[in-house]
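A closer look at the structure
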Amino acid sequence: MKTSARLLFALLAILMLASPVEARRLDPDDARKLMEKGDILPLEQIMKINERELTGRIIEVELERKRGMFVYEIKILPPDGRRREFYIDARTGEIIRRK
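Residues numbered from 1 in each chain as written. Predicted model: local features only at pLDDT ≥ 70, side-chain atom pairs only at ≥ 80, totals over all residues. Heavy atoms only, no water.

**Section: the confidence of the model for the protein chain**
In this model, the protein chain carries a mean pLDDT of 85, and residues with pLDDT of at least 70 account for 77%. Per-element confidence in the protein chain ranges from a low mean pLDDT of 62 for helix α1 (residues 3–15) to a high of 97 for strand β4 (residues 84–89). Low pLDDT, under 50, characterises residues 17–21; the stretch is placed with three contacts to residues that sit more than four places away or in other chains. (pLDDT = per-residue confidence, 0-100. Helix = DSSP H or I, 4+ residues; strand = E, 2+ residues; numbered from the N terminus. Contact = heavy atoms within 4.5 Å.)

As structure tokens, this is what we get:
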């Protein structure tokens, strides 16, 4: 199993303990199947595509299905200490929302 897949599964397993927010969180098996089918990009590739924006320590990662699309929600603690959230299209790697 690739390192990126292991990282994604570990993060998703930890995050499954949190209560759901208005979207459906995907379990690690669903995420693996989606990656194998090519429906979503692995987290490692998402991070590489957006490396300039996603600098700092990763606090939390969730893979969700929102409004019919798969979205990575990534929370980052950058060097300036102000937590940031990014919502990224899991299929394309495009940042669709910043907080």
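So, next bit.
**Things to note about the sheet that holds strand β5 (residues 95–98)**
Backbone hydrogen bonds hold the strands of a sheet together, and the pairing may be parallel or antiparallel. Across the sheet, five strands lie side by side as β1-β2-β3-β4-β5; this open sheet has antiparallel pairing. Every other strand in the sheet has two partners, leaving β1 (24–25) and β5 as the edge strands with one partner each. Examined bridge by bridge, β4 and β5 share three bridges and lie antiparallel to one another. By the bridge assignment for β5, Phe86 is matched with Arg98. (Pairing = 2+ DSSP bridges.)

**So, the side chain of Glu64**
Here Glu64 is to be found in strand β2 (residues 57–66). At 3.5 Å, the side chain of Glu64 and the side chain of Lys66 are in polar contact. (Polar contact = N/O pair within 3.5 Å; in protein donor to acceptor, adjacent residues only side chain to side chain.)

**Considerations on the environment of Asp39**
Structurally, Asp39 is set in the loop between α2 (28–37) and α3 (43–49). In sequence terms Asp39 and Phe70 are 31 residues apart; their C-alpha atoms lie 8.7 Å from each other. Dropping the residues within four chain positions of it, Asp39 is found in contact with Leu34 and Arg91. For Asp39, the side chain forms a polar contact with the side chain of Lys37, separated by 3.3 Å.

**Considering the pairing of β4**
On any regular strand, side chains alternate: one points to one face of the sheet, the next to the other face. Where burial is concerned, most of β4 is hidden: five out of the six residues are buried. As judged from the six bridges shared by strand β3 (residues 69–77) and β4, these two strands associate in the antiparallel manner. If you follow Tyr72 over to β4, its bridge partner there is Ile88. From the end of β3 to the start of β4, which pair antiparallel, there are six residues, and Gly81 there has a positive phi angle of about 85°. Taking the residues between adjacent antiparallel strands as the criterion, β4 and β5 are bridged by five residues, where Gly93 takes a positive phi near 85°. (Buried < 20%, exposed > 50% of the residue type's maximum accessible area, 1.4 Å probe, protein only.)

**Considerations on the environment of Arg57**
Assignment of secondary structure puts Arg57 in strand β2. You can call Arg57 exposed: its relative accessible area is 55%. For the pair formed by Arg57 and Pro78, sequence separation is 21 residues and the distance between their alpha carbons is 6.2 Å. Look past the residues within four positions of Arg57 in its chain and what remains in contact with it is Lys75, Ile76 and Leu77.

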